[in-house]
Amino acid sequence: MRNTDPFEFFSQHRETIFRICGIIGVLLIIFLILRAIAMRMGGWSAAWARVKRELAVTRNAFAAPVRAWFQHRRRLRRLVHHLGAPLTWRDAERALVRARQEAAPARPYAALVDDREVTVLLADSSEAGTWTIDRAELPAVTPDPDAHRPVIVALGASEDGTGRAVFLDLATGPQQFAIEGDQRACAALLQAIAAQLDVRLPAGLVTVAEGVHRNHPGEPVRNAYRAARETEPHFGLAPVLIATELPDPLPVELSAPPSADLTVPRVIVTGPGRGHVRRLLADRHARVYVTGTPLLPFFDALGRALARVLPTIPPVLPPAPPTGNAAGDLFEEAEGQAQQQITLAKPRAAEPDEVPLGRSAAAPLESVADAEAGETSAGRAPGTGSTSPSTTSRSPQH
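Residues numbered from 1 in each chain as written. Predicted model: local features only at pLDDT ≥ 70, side-chain atom pairs only at ≥ 80, totals over all residues. Heavy atoms only, no water.

1. Regarding the sheet that holds strand β2 (residues 117–123)
Worth spelling out the cut-off: By definition, two strands form a pair when at least two bridges between them are found by DSSP. Only DSSP runs of H or I reaching four residues or more are called helices, and only runs of E reaching two or more are called strands; each is numbered from the N terminus. Note on definitions: angles span 0 to 180 degrees between N-to-C directions of axes, and those axes are lines fitted to C-alpha atoms, for helices only across the stretch in contact. Contact between two residues is taken to exist if any of their heavy atoms lie within 4.5 Å; hydrogens are not considered.
Taken in spatial order, the five strands line up as β3-β2-β1-β5-β4 in an open sheet, and their pairing is antiparallel. Looking at which strands have only one partner, the edges of the open sheet turn out to be β3 (130–134) and β4 (152–157). Within this sheet the neighbouring strands show an average axis-to-axis angle of 25 degrees, counted without direction. With five bridges connecting them, β2 and β3 associate as antiparallel partners. Across the sheet, the residue bridging to Glu 117 is Asp 134, located in β3. Sitting on the sheet, helix α3 (residues 44–83) touches β1 (107–113), β4 and β5 (165–169), and the angle it makes with β4 is about 155 degrees.

Structure (structure tokens):
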């Protein structure tokens, strides 16, 4: 190297030297640009924090759909597991009746059921507002001196990660239940509730008005309400009207304070209600918030789960017989007859992706939160629907 002529060396390695200098120059320019940007953002620390935040947002944008799909599948499996077992429905009903007796004067309005226990949510309670019992401790028969019969419907799976099935008692609270929020979510939830009531209540108690489902013509809401109003209660259960709007003008009995009159139909509508109303707010993420309560379950998998288990859902709990040795036999016989009536009313089992909204035809019901939530159903017009006591609009029990 000492004897090498520098001009000759430069001449021989000119391209390499120019290439290295060019790379260094480009890197220097990039550094100066980045430094100028970082200084505008408040320094290198602030710039690096923003870069990390943007990377996290980007990563979440790609991962969220995949994560949501897996969560949806997990909720679907849990709902099929719970709703497909008649004992789940029975335990929820018995726990509600038992809690009404033991937690008085608090009024139970919902139940959360898992494999081990039932948690009942209470209104007008001065304590924690919940009452829990192990499912193994529930008696086979729970006599109710007040003759209160819970009419529960599934709202979905709890969002706390436990996958508990969430049931709402429609026999407690106001005569009106208004489902508000995202249009598609409201329609899906209304159809899911209608399918459950149609299969659980005695034939003829549920009336479906026009507009509830595209494949179910129905009658105009005033005619449908008149038909529901003229329907006689059966087995202590009032009729139910499923509609997309309230009759106009509003009937006097619906604007009056809640009562125990079983001849007044319970009305479940989409959109804002009037008078004494319990509101269910459904959002585009397939969550439903029951106002005035801590309930916020996911119902994105509810339609598909119901389509799979609808034939196994039991009818509303029959009235408990008087205490005595023959009480259990009488209870089981009444329940068996009601179950046989429902079974005979269904000529076939539902297909995996349809939820019959009547006891005959079926039609698809769109799921809300995810593309796979698929389609559920609705069918012929049932008869008319049922009601019970109540409460005011913001209080769960009023």
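Still more to cover.
2. A look at the pairing of strand β10 (residues 277–282)
Relative to β10, strand β6 (residues 176–181) runs parallel, the two being bridged by six bridges. Counted as the bridge partner of Ile 179 is Leu 280 from β10. As judged from the three bridges shared by β10 and strand β11 (residues 288–290), these two strands associate in the antiparallel manner. Bridge assignment links Ala 282 to a residue of β11, and that residue is Val 288. Counting the residues in the hairpin turn of β10 and β11 gives five residues, including Ala 286, whose phi is positive at 65 degrees.

3. As for the sheet that holds β6
If you walk across this open sheet you meet the six strands as β7-β8-β9-β6-β10-β11, and the pairing is mixed. Strands at the two margins of the open sheet, each flanked by one partner only, are β7 (206–208) and β11. Neighbour to neighbour, the strand axes of the sheet diverge by 20 degrees on average, direction disregarded. In the packing of helix α5 (residues 183–200) onto the sheet, the strands contacted are β6, β7, β8 (240–243), β9 (266–270), β10 and β11, and the crossing angle to β6 comes to about 150 degrees.

4. Things to note about the pattern of salt bridges
Note the following rule: Here, a salt bridge means any Lys or Arg side-chain nitrogen found within 4 Å of an Asp or Glu carboxyl oxygen. Only protein chains enter the accessibility calculation, which uses a 1.4 Å probe; a residue is then buried when its area is under 20% of its type maximum, exposed when over 50%, and partly exposed in between.
Using the criterion set out here, one finds twelve salt bridges in the structure. Between Arg 135 and Asp 91 there is a salt bridge; the shortest N-O distance is 2.7 Å. On the criterion of sequence distance, the pair formed by Arg 135 in the loop between β3 and β4 and Asp 91 in helix α4 (residues 86–102) is long-range, its members being 44 residues apart. Glu 93 is paired through a salt bridge with Arg 200; the nearest N and O atoms lie 2.7 Å apart. Placement of the pair is Glu 93 in helix α4 and Arg 200 in helix α5, with a sequence separation of 107 residues. When its relative accessible area of 0% is taken as the criterion, Glu 93 is described as buried.

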